[in-house]
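Observations on the model geometry
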Amino acid sequence: MPMLPRRKVRVLRLSWPVDPATLAALQAGRAEALDEDPSFAKLLAALRADNPLGDFGHYQAVAEVSPCWELFSPQGGASPTLGNAGQPQISTNLMVTIHVDAATPEADFEAVLDWLVALHPWEVPVIEISQAELALRADQPAR
């Protein structure tokens, strides 16, 4: 059996804080709550801008979003967005996965990454970068 075409990508996985009311609205089926959340609206604007984030050819601004909660304990010297140093915290977040074509020029990728770090509201943004391959249908070009 012939191997399916594949597309090499970089995977960005971002833990992004949202208001608990946003998460509740999403769970109730109100997708527009993402546009209404002040923090997440900035990420959506970046995703929807003209850049390589979530580029799937005929589909643009593709991202996977799932609820998550982050546990952390800010230490002395920290300037946390939520809570106070020395007190354990739980942040209501969305885990966002965005694919970027591996053929994206390095300068373009770094510019988008710098933009995401600048937009992230935390003192220490959580943005993981990895590499992967996406399986495509046999009639889709690998790019």
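Residues numbered from 1 in each chain as written. Predicted model: local features only at pLDDT ≥ 70, side-chain atom pairs only at ≥ 80, totals over all residues. Heavy atoms only, no water.

1. A look at the overall build of the chain
Along the backbone of the chain there are four helices and four strands. When the elements of the chain are put in sequence order from the N terminus, they spell out β-α-α-α-β-β-α-β. Projected onto its principal axes, the C-alpha positions of the chain cover 55 × 35 × 30 Å. A burial count over the chain gives 36% of its 143 residues as buried. By sequence separation, contacts in the chain at least 24 residues apart represent 72% of the contacts at least 6 residues apart. Mean positive and mean negative side-chain charge positions of the chain (10 and 18 charges, respectively) differ by 7 Å. (Helix = DSSP H or I, 4+ residues; strand = E, 2+ residues; numbered from the N terminus. Buried < 20%, exposed > 50% of the residue type's maximum accessible area, 1.4 Å probe, protein only. Contact = heavy atoms within 4.5 Å. Lys, Arg positive; Asp, Glu negative; His and termini not counted. Charge placed at Lys NZ, Arg CZ, Asp CG, Glu CD.)

2. Things to note about the packing of helix H3 (residues 38–48) against helix H4 (residues 106–119)
Packed helices, taken two at a time, are described by their axes: the angle between them and the distance between them. Relative orientation of the contacting elements H3 and H4 amounts to 165°, with a least axis distance of 10 Å. Put simply, H3 runs roughly antiparallel to H4. Regarding H3 and H4, the two cross each other, and that crossing is right-handed. Taking contact as the criterion, the partners of Lys42, Leu43 and Ala46 in H3 are, on H4, Trp115, Leu116 and Leu119. Tallied by class, residues from the contact of H3 with H4 come to five nonpolar, no polar and one charged. (Axes fitted to C-alpha atoms, helices over the stretch in contact; angles between N-to-C directions. Parallel < 35°, antiparallel > 145°, perpendicular 65-115°, else oblique. Left-handed = near helix turned anticlockwise from the far one by under 90°. Nonpolar A, V, L, I, M, F, W, Y, C, P; charged D, E, K, R; others polar.)

Any functional reading would require information beyond the geometric quantities listed.
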